[in-house]
Every structure is written in structure tokens, then in C-alpha cells.
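Working through the structure, step by step
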Amino acid sequence: MHILDTETQEDQAVLVITKEQQTDEKEIEARVFELRSLVRTMGMPITKTVIVPLRSVHPKTFIGKGKADEIRELADETDSSCIIFEQNLNPSQQRNLEKATDLCVIDRREVILQIFADRASTKEAVLQVNLARLEYSLPRLTRAWTHLSRQRGGTKGTRGEGEKQLEVDRRIALKKIAQTKRELSKVKEHRATQRKQRRSLPVPTGSIVGYTNAGKSSLLNALTNAEVFVENKLFATLDPTTRKAALSGGSEILLTDTVGFIRDLPHDLIEAFSSTLEESLYSDFIILVLDASDNDVYEHYNTTKQVLHDLSVLDKPVITVFNKIDLCLGEKNHNLQKIKAREPHWVEISLKEETNLDECLSLIEETVYGIYPLDTYEIPNSRYDMIEFLRKHALIRRETYYDTYVELQVQIPEQFKPALQEFQRSAQPQMT
């Protein structure tokens, strides 16, 4: 068992990361960094980080009784009240570890649930988090600690009432789950209606996706002059936020910020925030934001692409945005080159330095209109309103003036075409 560090006497959590035989040091470092970031985002200070070599998973306590005793002693020495495992524990392992250590024991999934609960602000997000927590807690009603305190994760030596009133608690939990699902269904219907109304507008839509804390909300703010909440913490955004952005020709697009991805994000949480991620399903294109300065940018890229694959949205055009390029150095450039080799549309920016934002918008514009074929319209001089319509909603590739009409070769989204049908060249004889 390897102990990485000690921070301050006020810290109250011991972190546990297990190392399998085939796991390399780089992966361990990434897992340690991520767990620390998650726990600090949750607001729980850290006393020690412990790396436990693991040949095989112990069915009762995951790490075995001997290692559990060592960690309990370490927690006693540092006056820690909570043990946090990077790996997901099943309910029986969690109960057995709490009995063995007489401490609150939680895993990475419960940490993420707590962060989601803290971040949830809209009615839908609150309901989604409540449902995920209820379903997570249902098989764990006999735990020593049935809730996570914001400061200490439970008081050492105390027991909840789960075992005393297990059946009553179970009925209450099932009733709350059913009620929450009914409420969430109504809210989702409302969101679906909003989405349908938005899709009926003649405006291309894009979803901003990526690893949590990569700069998605900051990019939305920069491109739309919005004031979306931005914080340098994981999962700062849980609710989809949609804003308008103006392209160079005067046409508009809608951009939606989405919940951040993370390595091995639990599937029940992906399902809980399906309505947030579904924004990607109904978008015309995807903007994938990556932190170019992160040593693990290639792994983050693969994680995000896998989630997009799971959502079945990789058939849409993807624009890859490398953010924080001002902090990017040699080794990281190698990672970026590997990604660029796989992505045909990419741009390097720095939101902090406001670098290359115009290039980013230009790439978005080219991508949006590149989805659509080249069409030719012949607009009579008397219909200047339709010329303005095209200038606002289409990417004009060529504009030729004749005596009685203007010929325009354009790329235009399908939803605008019905208003222009009578002016399309194939729909009428050529005017002279």
C-alpha cells in the first residue's frame, strides 16, 4: 500500500485507488488526479491518497480485510471520517467495509451523485438527480450511513435507522421513485415541446459537447455573448443552455451547452441526464471541445467520442475545438496531432486570450452550410425581400446580376427551401 501525500489537519477524507497488475503508472496518475478533483469539487477535504495493489477483487470487501484494517488505522491517525473508493463498490462490499472500519465508505459514483445534487438548479435537473440517488440508495438501505454529510460524510461511530425500519424505508423509497418518475415524465414532455418549437424555427442548431471543465460554457459565452455560469470545477453545467450566435453573413444559429463527460461516467447518470444529452441527437452539428493543455487530452477525446457513439450522433458533422492552446507544450502537441489526423474539421483557440474565435466561427459557418448541396435561385429584381432572405439564411457562393433578376448559387438548410421553391432554377424556365 502506497501513501501519496498528507495535506492539512483539517482534511477529513482518505482516498483509495486500487492498482491492478497490468495498470501502468500514467493511468494511475490520471485516476488519482481525477478522483482528487471530484472530491474537492464535492467539497470534501482530503488527508491521504492511498494506492492499493490488487491481484483480484475480494468479494466481501473489494480489497480484503487486511487492507481494510490498514486504511482504518490510517483514517484514525489522520482523524478522517470518510473513506472514498475510486472504484465502484456493490452494496454488500460497501456495507462490509463500513462495518470493518466503523467509518462512512463511499465510491466514485456517490461522489458524482453528490456533485450533481449540488449543481442541479432547474426542476428537471433536481428531479433527475433525486431519481438517480433514490435508485442508487435503494439496495443500500442497510448501510451504516444512509446519507452523505456535506462536511464529514457521517459521524464516526453512529448508525442510521435503515436496518431498524428496512421494510418501511424500502416502501417509502419505492413510492418516492415512482412519484419522481411521474414528475420527471411531465417535465420531459415540456422539454420535448420546447425542443419541437425550436426545431420548427428555420435556424441550424449545434450542441457543444466535451469532457467536463474543457471550456464548453466559456465557448458558448464567447460565441453568443451570453452570460452562462462558468466555474473552474467539474460538472459546473448540468442543464442544457441554448443561445443564439450570429454568423458573418448575418444568419443565426442556435448553440446548446451540455453536461460534461468524464471517464467511465456511470450509465445510470447518463440515463438520468438523457434529456440533456439528447440535445445532441436533435442538433445539425456537434462542437467537440477539448482542453489542449491536458496531458490526457487524447484519452478525453476518446471518452467523448465513445459517448457520442453511444448516442448515435457521429453521423453528424463534428467540429473539434482545441481550447487552452496558449498552455499547450511539446508532448501535448503530439497528442493533438493524433486527434487532428482523425478529425477533418478542427481549430485551435484560447478563450482566455480570445485567440482564433473568428476562425472558430468561420469553421462553424463552413460546416453548417457544407451540410447542404449547392442550389441555384433566380430572384426577380422586384423580390428584393427574397434576396435579403437568402443573405440572412444561406451561404452565398456566387451572386450574378442580370437585367431583370439576380442569380444566386447558395448552400441553404432544408427548412428554408420551401419559401424559395418557385425561384429555384429547376422549378422554372431560365429568365432572360
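Placed above this text is the structure.
Residues numbered from 1 in each chain as written. Predicted model: local features only at pLDDT ≥ 70, side-chain atom pairs only at ≥ 80, totals over all residues. Heavy atoms only, no water.

**A few points about the overall build of the protein**
Within the protein one finds 13 helices and 14 strands. Looking at the protein as a whole, 53% of its 432 residues are labelled buried. At a minimum sequence separation of 6, the contacts of the protein that also span at least 24 residues come to 71%. Put simply, the protein shows about 20,600 Å² of open surface, and 48% of that area lies on carbon and sulfur atoms. (Helix = DSSP H or I, 4+ residues; strand = E, 2+ residues; numbered from the N terminus. Buried < 20%, exposed > 50% of the residue type's maximum accessible area, 1.4 Å probe, protein only. Contact = heavy atoms within 4.5 Å. Areas by Shrake-Rupley, 256 points an atom, 1.4 Å probe, with all protein chains shown as cover.)

**Details of the packing of helix α4 (residues 108–119) against helix α5 (residues 123–137)**
Two numbers describe how α4 lies on α5: the axes approach to 9 Å, and their chain directions differ by 150 degrees. Between α4 and α5, the crossing angle belongs to the class labelled roughly antiparallel. In the packing of α4 onto α5, the handedness of the crossing is left-handed. Residues Arg109, Glu110, Leu113, Gln114, Phe116 and Ala117 of α4 lie in contact with α5, whose contacting residues are Val129, Ala132, Arg133 and Tyr136. For the contact of α4 with α5, the residue count by class is six nonpolar, one polar and three charged. (Axes fitted to C-alpha atoms, helices over the stretch in contact; angles between N-to-C directions. Parallel < 35°, antiparallel > 145°, perpendicular 65-115°, else oblique. Left-handed = near helix turned anticlockwise from the far one by under 90°. Nonpolar A, V, L, I, M, F, W, Y, C, P; charged D, E, K, R; others polar.)

**Focus: helix α10 (residues 297–310)**
Between its terminal C-alpha atoms α10 stretches 20 Å, which fits the 20 Å expected from 14 residues at 1.5 Å a residue. Every buried residue of α10 is accounted for by Val297, Tyr298, His300, Tyr301, Thr303, Thr304, Lys305, Val307 and Leu308. Once α10 finishes, serine 312 follows within two positions and takes phi at roughly 60 degrees, a positive value. (Expected span 1.5 Å × (residues − 1).)

**Things to note about the side chain of threonine 18**
Within the fold, threonine 18 resides in strand β2 (residues 13–20). Side chain to side chain, threonine 18 and glutamate 20 meet in a polar contact 3.4 Å long. A distance of 2.5 Å separates the side chain of threonine 18 from the side chain of glutamine 87, its partner in a polar contact. Leaving out residues up to four positions away in the same chain, threonine 18 has contacts with Ile28, Arg31, Val52, Leu54, Phe62, Ile63 and Gln87. (Polar contact = N/O pair within 3.5 Å; in protein donor to acceptor, adjacent residues only side chain to side chain.)

**Points about the sheet that holds strand β6 (residues 205–210)**
Overall, mixed pairing links the six strands, which are arranged β7-β8-β6-β9-β10-β11 in an open sheet. Each having just a single partner strand, β7 (241–246) and β11 (346–348) make up the two edges of the open sheet. Across the sheet, the mean angle from the axis of one strand to that of its neighbour is 25 degrees, orientation sign disregarded. Where strand β10 (residues 318–323) and β11 come together, three bridges link them in parallel fashion. (Pairing = 2+ DSSP bridges.)

**Brief notes about the packing of helix α1 (residues 25–42) against α4**
Interaxial distance between α1 and α4 falls to 9 Å at its minimum, and their mutual angle equals 40 degrees. Taken together, the axes of α1 and α4 are oblique relative to one another. For the pair α1 and α4, the sense of crossing is left-handed. Of α4, the residues touching α1 (which contributes Glu34, Leu38, Val39, Thr41 and Met42) are Arg108, Val111, Ile112, Gln114, Ile115, Asp118 and Arg119. Classifying every residue of the contact of α1 with α4 gives six nonpolar, two polar and four charged.

**Thoughts on the nonpolar core**
Grouped together as the largest cluster of nonpolar side chains are 26 residues, with contacts concentrated most on Leu15, Val39, Met42, Met44, Ile84 and Val111. Of all elements in the fold, only β2, α1, β4 (82–85), β5 (104–107), α4 and α5 reach the threshold of two or more residues within this core. A per-element tally of this core places α1 first, with six residues. Beyond its immediate chain neighbours, meaning those up to four positions away, isoleucine 84 contacts Ala13, Val14, Leu15, Val16, Leu35, Val39, Met42, Met44, Ile106 and Val111. (Core = buried A, V, L, I, M, F, W, Y, C linked by side-chain atoms within 4.5 Å.)

Geometric values such as these leave the question of function open.
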